[in-house]
Amino acid sequence: MKRLLPLLFLFFPVTLWAQNSIEGRIHNLDTKTIYLLSFYGEKSTTIDSIIADPAGRFLFTIAPGKKPGMYRVQWGKDNLVDLIWNRENISFETNSLTPSDSLVIINSVENRIYYDYSKKDRNTQSRLELLMPVVDYYPVHDSYYYLTAAEMERIQKEQARLLDSLDQAHPGSYSARIFRLYQTPFLASGLKKEERLKVLQQHYFDKVNFNDTSLLHSPAFANKAISYLALYSDNRLDKKHLEAEFIRAVTIMLSAASVNPDVFKFLLDYLVSGFDKYHFDEVITYIADNFQDPFSCEDQKRKSNLQKKLETFKKIAVGKVAPAIELPDQKGKMVTLAGIQTEYTLLVFWSTECPHCTDFMPRLKALYDSQKPKRFEVLAVSVDTSRTAWTDFIRKEKLNWPNVSDLQGFAGKAADDYNIYATPTMFLLDKEKVILSKPISFRETEQALRDQKLLP
């Protein structure tokens, strides 16, 4: 809700009367509306908005019941400041032109800890990145090598001592707990590059407190997961071998997180959504086969969305028979997937509101029309909600294959059965409607068709 600042704010320090507040001043502010967002994982949600005064001052009061965590103050599209709120008043100033670099924490122990340690940590990581190539490639018996190796270990120990001192000086600090979560294993200087990687992969979660569910109200666990997956990512690997590496990673990660059902469920959902976005189907199928929502047994009649998603992934994996589809075409005639009798079927979920789709469909039509003889059919399932937009596009582009839609958008049964949340999404099926592949772009679709010798 937008609201004007009380006149009192202009004359008296708000910290005298505000409790659990976030007070700020943004210099060179070019927009009046300031938003307050809360986090759950890396997802942020707007919880309040306010109109700043002419000097760029504003005050948010945290509503009772809000949990400590990361909060974001945002104005405009890309201007923002992230803050830790842990039941203390926060006061800060910044410049709209350089919000991060010009940030000054006036009042807040948590945020002084957070930003001071973040700066030191970035400096530490930069120094280690400079030293590690020397340790890897410099002659071992040279005196400079020994100095570098000793410095590398000293920096790591210094960082660990600093984190210990934060815990002792500020017990219960939310910021310190975030940095403790980010802590990585000690790497002895004598380890080779490959050995360092193995130590990180095997011991990355040794000191992680998975029972600290308060950290779910920040991007901390999501960031930890991404940094761990990066240890397994290698751009020299093809997709099959990269998926095998990620399967190793998620096994270790989810096994470690299984001590707490809330954190486990968060990471399970986060990983499934992330791998689905990039169509790492082997990883998703593995997760669906080996892990489940820990809360799914509490009420079998109302399974969680996550559990439904996992079960659906099993049904639409490569090698499975595609779920049945029965939808009306643009003239109202019912069309079924089972009724398509061609040797192959390319199932396409698309929308006229998707720019990628409106580019993809005419290019696909050119491939479709090039068949001699015709060996594959296209079944185009629109997730549009506007009949006019859907039929006008079909007519304009002369899409001469079966076009169907229930005009329910992503809420339709077919979209739900196939876990459709983005378009275009494709499935190449054989005559028995077994899923052969799930290409994610025009180039991959063309290649999938060529692999089956369906194009000239």
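Each value, and the rule that gives it
- Residues numbered from 1 in each chain as written.
- Predicted model: local features only at pLDDT ≥ 70, side-chain atom pairs only at ≥ 80, totals over all residues.
- Heavy atoms only, no water.
- Salt bridge = Lys/Arg side-chain N within 4 Å of Asp/Glu carboxyl O.
- Helix = DSSP H or I, 4+ residues; strand = E, 2+ residues; numbered from the N terminus.
- Buried < 20%, exposed > 50% of the residue type's maximum accessible area, 1.4 Å probe, protein only.
- Pairing = 2+ DSSP bridges.
- Axes fitted to C-alpha atoms, helices over the stretch in contact; angles between N-to-C directions.
- Contact = heavy atoms within 4.5 Å.

How should I be thinking about the pattern of salt bridges in this particular structure?
When charged atoms on two side chains of opposite charge get close, those side chains can pair. Under the counting rule described, the total for this entry stands at 20 salt bridges. Note that Arg 177 and Asp 212 form a salt bridge whose closest N and O atoms lie 2.6 Å from each other. Of this pair, Arg 177 sits in helix H3 (residues 174-182) while Asp 212 sits in the loop between helix H4 (193-203) and helix H5 (220-230), placing them 35 residues apart in sequence. Residue classification places Arg 177 among the partly exposed residues on the basis of a relative accessible area of 26%. Of the residues examined, Asp 212 reaches a relative accessible area of 12% and is grouped as buried.

Looking at this structure, I do not really get the sheet that holds strand S4 (residues 57-61). What am I missing?
Two strands in a sheet stick together by hydrogen bonds in their backbones, pointing the same way (parallel) or opposite ways (antiparallel). Strand order in the open sheet formed by four strands is S4-S1-S7-S8, with mixed pairing between adjacent strands. Each having just a single partner strand, S4 and strand S8 (104-107) make up the two edges of the open sheet. Adjacent strand axes in the sheet meet at a mean angle of 20°, parallel and antiparallel pairs treated alike. Pairing between strand S7 (residues 90-95) and S8: three bridges, direction antiparallel. Within S8, the position partnered with Ser 91 by the bridge is Asn 107. Of the strands in this sheet, S7 and S8 touch helix H1 (residues 109-137), which is tilted by about 155° from S8.

Function-wise, these values are silent; they only describe arrangement.
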